[in-house]
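Working through the structure, step by step
Spelled out, the chains give:
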Amino acid sequence: MATEVAQIPAEETPAVAAPTENPASEQAEKPAASETAAAAPAAAAPPAENENAQGNKEDGKAASKENADGAVDGDAKKDGEAAAVAAPAKSEAPPAQKFNVHKTNFEKDIIYLYQFSRTPLLPSLSPYCLKVETWLRLVGLKYENVDHKMRFRSKKGQLPFIELNGEEIADSAIIIKELSSKYEKNLDSGLTAEQRNVSYATIAMLENHLIWIIFYWRAKYPDNVLKGYKVNLQHALGLRLPNSILNFFFKITFGRKWFQGTKKLKAHGIGVHSAEEIEEFGKNDLKVLSEMLDCKPFFFGDEPTTLDVVAFAVLSQLHYLSKDIAYPLRDYMTEKCPNLIGHVSRMKDKCFPDWDEICTKLDLNAHIPKPEPETKEGKEGGEQEKSNEQEGPEGDKIEKELEKDKSNEKESTEENKEKEETK
């Protein structure tokens, strides 16, 4: 069910090219202008020698004019140079960078995961989504699920995908590869070359064969998917339509031949076989996995690797299907491959200690500590004091009335006593 549910393309925001300025060219133009301004008066200055009859007088005038012009020229040149030096280069704050992602107010180095909504029996109906989240928890990276109600898809049209520091990364295998390299979190670093080859081939069998056998069953029995995982489409999609209507469209989308479910299965190749043949394929895959695991806690020893993550994500889709729904492949794994059931339980305990909370509250971010609720002690204290103040006068009134009654009784007793004495 990796990409089968109601394909809604991701809303893509076109990237806007940031305007660029060329302050260097402006600075180059300013000195050139000042030099031209300084050169103009010098070119207009009269010659130093004069051969007219009034040579001495004219020479004196010319000299004085030349000195004055030179002084003005020098001052203008100095002013131009000072202005060129003093004038700061035109610089404006660069415009805020625009990111082509959904989570624009992201925090640095926080991984934002987009996946399917929770179910009461399983954190995710997509083995690919569960694979990424399990890996993130196993290696201990900070991440946050985005509650997008399955409205967004990656630019490749897939779920899951992540956003990290304003960049989108899609496809579960590529996500794990990129994050492993960036944060140096390679779960397979301790494996030998042969073990890595075995891991690669087994993951290919799980993701390109066994998963599609499970998808075949889901496409053929869409009603059992909703009942078997107790899916509430109103919650999953964030819609107000009645579940009966949503379930109807779900069945059409998955069950009809001209919709995506069956078309994808036939394109893959698994959909052209009979139900009996496909079931036998699945049992053979489970048998191979069971023999590989043998009696080890994990496939390559005491610590989980990428193969354990993928196997857990796929086998959980079988194991946590409700027992009220008949599914021969699940029953085969329970009866013939008990070590695989043990493997699923170990991975669940190791990576999802909050499994029950997730499935009960359908909380996408049960792993993130919630802020403590605000205490209302001050308010309650104020109300208590207020109530005490209100009750104070009433109490005084009651006490006064009691004292009055006592005094009346005392007076009546004294009067009776005096009457008796008089008699």
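Scroll up to find the structure.
Right, let's walk through the structure included here. Quick caveat: nothing in here was measured; it's all calculated off a predicted structure. Every chain's residues receive numbers from 1 upward, in the order its sequence appears when written. Local features are withheld for residues below a pLDDT of 70 in this predicted model, meaning they are given only at 70 or higher, and side-chain atom pairs are given and counted only at 80 or more; totals for whole chains, interfaces and linings count all residues. With hydrogens and water set aside, each side-chain value is computed from the structure's full complement of heavy atoms.

Turning to the overall build of the chain, a few remarks are in order. Counting secondary structure elements, the chain contains 15 helices and 4 strands. Computed with a 1.4 Å probe, the accessible areas rest on the Shrake-Rupley method; for each residue, only the protein chains presented here act as cover. Working note: accessible area of the chain is about 25700 Å², and carbon and sulfur atoms make up 52% of it. Only DSSP runs of H or I reaching four residues or more are called helices, and only runs of E reaching two or more are called strands; each is numbered from the N terminus.

Okay, unusual backbone geometry next. L159 connects to P160 through a cis peptide bond whose omega is 5°. Topologically, P160 is positioned in the loop between β2 (143–145) and β3 (161–164). Notably, N165 is not glycine yet its phi reads approximately 55°, a positive angle. Here N165 lies in the loop between β3 and β4 (167–170). Type-normalised accessible area, obtained with a 1.4 Å probe on protein chains alone, sets the label of each residue: buried when under 20%, exposed when over 50%, and partly exposed for intermediate values. Relative accessible area serves as the criterion here: at 26%, N165 is assigned to the partly exposed category. Despite not being glycine, E184 has its phi angle at roughly 55°, a positive value. Topologically, E184 is positioned in the loop between α4 (172–183) and α5 (193–220).

Attention now goes to α5. Expected span, for any helix, means 1.5 Å times one less than how many residues it has. Taking 1.5 Å of rise per residue, 28 residues should cover 40 Å, and α5 covers 40 Å from first to last C-alpha, within 8% of that figure. Given a residue, its bend is the angle between the two axes fitted to the seven residues that end at it and to the seven that start from it. At L206, α5 shows its maximal kink, close to 30°.

This brings us to the sheet that holds β2. Two strands are counted as paired when DSSP detects at least two bridges linking them. Spatial strand order, β2-β1-β3-β4: 4 strands in an open sheet with mixed pairing. Both outer strands of the open sheet, β2 and β4, are each paired with one neighbouring strand and no more. In this sheet, neighbouring strand axes are inclined to one another by 25° on average, regardless of whether the strands run parallel or antiparallel. The pairing of β3 with β4 spans 4 bridges and is antiparallel. Paired with L164 across the bridge in β4 is E167. Here, axes are lines fitted to C-alpha atoms. For helices the fit covers the stretch in contact, and angles between N-to-C directions go from 0 to 180 degrees.

Attention now moves to the nonpolar core. Considering soluble globular proteins, one finds that nonpolar side chains tend to be buried as a cluster. The definition of a nonpolar core used throughout is a set of buried Ala, Val, Leu, Ile, Met, Phe, Trp, Tyr and Cys residues joined through side-chain atoms within 4.5 Å. Formed by 85 residues in total, the largest nonpolar core has its most connected members in L136, L179, L286 and L315. Of all the elements, α5 adds the most residues to this core, at 12 residues. Not counting chain neighbours up to four residues away, the residues in contact with L136 comprise I111, L113, L141, Y143 and L179. Contacts are assigned to residue pairs with any non-hydrogen atoms lying within 4.5 Å of each other.

We now examine the layout of surface pockets. Considered as a void within the structure, the largest pocket measures approximately 680 Å³ in volume. In terms of lining, the largest pocket is formed by 30 residues, of which the most central are K131, S172, A173, I203 and E207. For the lining of the largest pocket, the elements supplying multiple residues, two or more each, are α3 (127–139), α4, α5 and α11 (306–319). Top contributing element to the lining of the largest pocket by residue count: α5, with 9 residues. In this analysis, the protein atoms alone were mapped onto a 1 Å grid. Cavities are point sets where a 1.4 Å probe fits without being able to get out; pockets are open sets with protein on both sides within 12 Å along at least five of seven lines; lining residues have an atom within 4 Å of a point. Grid points are joined across faces, edges and corners, and a volume is the space filled by probe spheres set on the points.

Every case where a carboxyl oxygen of Asp or Glu lies within 4 Å of a side-chain nitrogen of Lys or Arg is listed as a salt bridge. Tallied over the entire structure, the rule returns 11 salt bridges. Residues E133 and R137 are paired through a salt bridge, measuring 3.9 Å at the closest nitrogen-oxygen approach. Placement of both E133 and R137 in helix α3 is noted, with a separation of 4 residues, approximately one turn of the helix. Look at R137 and you get buried, because its relative accessible area is 17%. Notably, a salt bridge pairs E357 with K361, separated by 3.8 Å at the nearest N-O pair. You can see E357 and its partner K361 sitting in helix α14 (residues 355–361), 4 residues apart, about one turn around the helix. You can call K361 exposed: its relative accessible area is 59%. Taken together, the shared-partner salt bridges in this structure form one network comprising R118, E133, R137 and D354.

Right, let's talk about the packing of α11 against helix α12 (residues 328–336) for a bit. Running from N to C, α11 and α12 point in directions that differ by 105°, and their axes come no closer than 8 Å. Here α12 runs roughly perpendicular to α11, going by the angle between their axes. In this structure, α11 uses L315, L318 and H319 to contact α12, whose residues at the interface are L329, R330 and M333. Gly falls in the polar group here, along with every residue not listed as nonpolar (Ala, Val, Leu, Ile, Met, Phe, Trp, Tyr, Cys, Pro) or charged (Asp, Glu, Lys, Arg). Grouping the amino acids of the contact of α11 with α12 by side-chain chemistry returns 4 nonpolar, 1 polar and 1 charged. Should an angle lie under 35 degrees it is considered roughly parallel, over 145 roughly antiparallel, and from 65 to 115 roughly perpendicular; all remaining angles are considered oblique.

What follows is about the packing of aromatic side chains. Pairing of aromatic side chains here covers Phe, Tyr and the six-membered ring of Trp, requires ring centres within 6.5 Å, and sorts the geometry by plane angle: under 30 degrees stacked, over 60 edge-to-face, intermediate tilted. Summed over the entire model, instances satisfying the criterion amount to 10 aromatic pairs. Measuring from ring centre to ring centre gives 4.4 Å for Y114 and F161, while their planes differ by 10°; the resulting arrangement is stacked. Pair noted here: Y114 is in strand β1 (residues 111–114) and F161 is in strand β3, with a separation of 47 residues, a long-range link. The same class applies to Y114 and to F161, which are both buried. Each residue in the set F312, Y320, F352 and W355 is aromatic and connected to the rest through ring pairs, giving one cluster. Sitting above the plane of the Y183 ring, K182 keeps its charged end 5.5 Å from the centroid. Two conditions define a charge located above a ring, namely a distance within 6 Å from the ring centre to NZ of Lys or CZ of Arg, and an angle within 35 degrees of the ring normal.

As a further point, take helix α13 (residues 338–351). Its 14 residues give α13 an end-to-end C-alpha distance of 20 Å, which sits within 8% of 20 Å, the value for a rise of 1.5 Å per residue. Within α13, burial applies to L340, I341, H343, V344, M347, K348 and C351. Around the axis of α13, the buried residues are gathered within 160° of arc, so they sit on the same side. Residues of α13 that are exposed and angled more than 90 degrees away from the buried face: P338 and D349. Note: the arc covers the axis-to-C-beta directions of the helix.

A residue counts toward a patch only above 30% relative accessible area and without a salt bridge, and it is joined to like-charged neighbours within 9 Å or, for Val, Leu, Ile, Met, Phe, Trp and Tyr, to nonpolar neighbours within 5 Å. Together, L239, L241, I245, F248 and F249 make up a nonpolar patch on the protein surface, roughly 460 Å² of accessible area in all. For L241, a relative accessible area of 44% gives the class partly exposed.

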